[in-house]
2 protein chains.
Amino acid sequence: MTQVKPMRADARRNYERLLKVAAEAFAEHGERASLDDIAKRAGVGSGTLYRHFPTRQALLEAAYVDRIEALAVRAGELAAELPPGEALVEWLNELCVGTIQVRGMKALLGSAVTDGSVAAVTACATSMKGAATRLVEAAQEAGALRRDVEPIDVLRLAHGVATASELANGQGESIRRYVALLTEGLRA
Amino acid sequence: MTQVKPMRADARRNYERLLKVAAEAFAEHGERASLDDIAKRAGVGSGTLYRHFPTRQALLEAAYVDRIEALAVRAGELAAELPPGEALVEWLNELCVGTIQVRGMKALLGSAVTDGSVAAVTACATSMKGAATRLVEAAQEAGALRRDVEPIDVLRLAHGVATASELANGQGESIRRYVALLTEGLRA
DNA sequence: CGATAAGCGGGGACTGTCTCCGTTTAGTGC
DNA sequence: GCACTAAACGGAGACAGTCCCCGCTTATCG
């Protein structure tokens, strides 16, 4: 997983600058921020950007891995603090909020749970699925969640709920209301 | 609503050809089909396309109004055939299926229920909201639907569910399962 | 049949993606 | 220090898409 050969100093510098600039750009302009523009703002040529990150997906993922990891960690914390059913509900809430608040993350999380996409097996997809699986299984064991749903279903539905709240443009606390509706439907 | 002055014959011909070609193109390539390409395939210049349909939205809407109207009509039929609660559930099913099966329609329906968009007041948005309002109110009166949801919420959630099923790429009858989960959560 | 305004259409400016390849430079052994 | 080499750079340019502008064409009407 880690670098076999250490990167050259200039390469590493550019890589890091790109990541920083990309996170800003995606936050500012959403997932469709101009890549050449990101390269320009990072003070590198577009060739350099595309060498480090062959696809928009790759850059998006690299820019947000830490946030994804944080969500996965959060799943563990909630599992330790709350009863299984509540832990799942609370995590879904935080997941949806994150999906919407951090512009650009929605596209990333969406592709992470898309079936049939080649890019399906990525680091963040694995993290998310792992976290969801633990919470879902615990909730099912505790009898707080119907047994006919898979972790991936829960992730997809969360993505759907985030999409729905997005349509409401944050009107009337829609995220919490919609998540509540979802968890109502998921209850055993 | 109707044309104040009748269109010139050539204008009407082009308008109609564009509509036909656009429906095909959107069905084939999704909502992002190239507009210049549609113009070319219809045998007109791009200027002509943009004059008739100033935005992609406008073309999308014009190409699919009939399908939207059909859905609205279907709402009426279901309301007459089934008890209020079931009518709503069945309609949501058909709505979601349509949203996914007809490529390009998702974008249109999505923007129809987006809050804060300038394009919000369009013919298809009005139809959808009307149909949803009737079904939702009837279901609430019959005690089959929670009273704390608005018709627009239902439409948005349906859109979310369609998005979720789309992520599953039609695997395992996901549409019906997800709609069932949604309606479970919506029950009074 | 002409006049005329409605309508046409494609050239071109612009923005974005992504590749290719000549040039630069970090790292290494001496 | 110095020279060598492979790694890395960067930006020009091919390509695709959007959208506007404006000189030309043509349907329609008196």
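Residues numbered from 1 in each chain as written. Chains lettered and ligands numbered in written order. Predicted model: local features only at pLDDT ≥ 70, side-chain atom pairs only at ≥ 80, totals over all residues. Heavy atoms only, no water.

**Q** Please explain empty space enclosed by the protein as it appears in this structure.
**A** One simple way to see leftover space: roll a probe sized like a water molecule over the atoms. For the structure on display, the rule yields three cavities of 30 Å³ or more. What the largest cavity holds in volume is close to 100 Å³. Lining the largest cavity are L157, G160, V161, Y178, L181 and L182 of chain A together with L157, G160, V161, Y178, L181 and L182 of chain B. Every element with two or more residues in the lining of the largest cavity is listed here: α8 (151-167) and α9 (174-186) of chain A together with α8 (151-167) and α9 (174-186) of chain B. Class assignment for the residues of the lining of the largest cavity results in 10 nonpolar, two polar and no charged. (1 Å grid on protein atoms, 1.4 Å probe; cavity = no way out; pocket = protein on both sides within 12 Å on 5 of 7 lines; lining within 4 Å. Points joined across faces, edges and corners; volume = space filled by probe spheres on them. Helix = DSSP H or I, 4+ residues; strand = E, 2+ residues; numbered from the N terminus. Nonpolar A, V, L, I, M, F, W, Y, C, P; charged D, E, K, R; others polar.)

**Q** Quick question: what am I supposed to make of the environment of L145 of chain A here?
**A** Residues and elements named next belong to chain A. Tracing the backbone through its elements, the reader meets L145 in the loop between α7 (123-141) and α8. Owing to a relative accessible area of 3%, L145 belongs among the buried residues under this scheme. Sequence spacing of L145 and L181 is 36 residues, and the spatial spacing of their C-alpha atoms is 14 Å. Ignoring sequence-local partners within four residues, the contact set of L145 consists of L88, V136, A139, Q140, L186, R187 and A188. (Buried < 20%, exposed > 50% of the residue type's maximum accessible area, 1.4 Å probe, protein only. Contact = heavy atoms within 4.5 Å.)

**Q** Is there a simple way to think about the domain arrangement of chain A in this case?
**A** Often, the extent of an interface is quoted as the loss of accessible area on bringing the components together. Residues and elements named next belong to chain A. Parsing chain A into structural domains produces domain 1 (1-54) and domain 2 (64-186). In this assembly, seven residues from domain 1 lie in contact with four residues from domain 2. The largest contributions to the domain 1 side of the interface with domain 2 come from F26, A27 and E31, which together make up 64% of the buried area. Here domain 1 is connected to domain 2 by one residue pair in polar contact (both at pLDDT 80 or more). Among the residues forming the side of domain 1 that touches domain 2, the class breakdown is three nonpolar, two polar and two charged. (Domains from an automatic or database assignment. Buried area = accessible area lost by both parts, 1.4 Å probe. Polar contact = N/O pair within 3.5 Å; in protein donor to acceptor, adjacent residues only side chain to side chain.)

**Q** Would you explain helix α4 (residues 56-81) of chain B in this entry?
**A** Three or four residues apart is the spacing at which side chains of an α-helix point the same way, because the helix has 3.6 residues per turn. All names here are of chain B. With 26 residues, α4 extends 37 Å from end C-alpha to end C-alpha; this agrees with the ideal 38 Å at 1.5 Å per step. Of all the bends in α4, the greatest measures close to 55 degrees and is centred on Y64. Those residues of α4 not exposed but buried are L59, L60, E61, A62, A63, Y64, I68, L71, A72, A75 and L78. (Expected span 1.5 Å × (residues − 1). Bend = angle between axes of the 7 residues up to and from the residue.)

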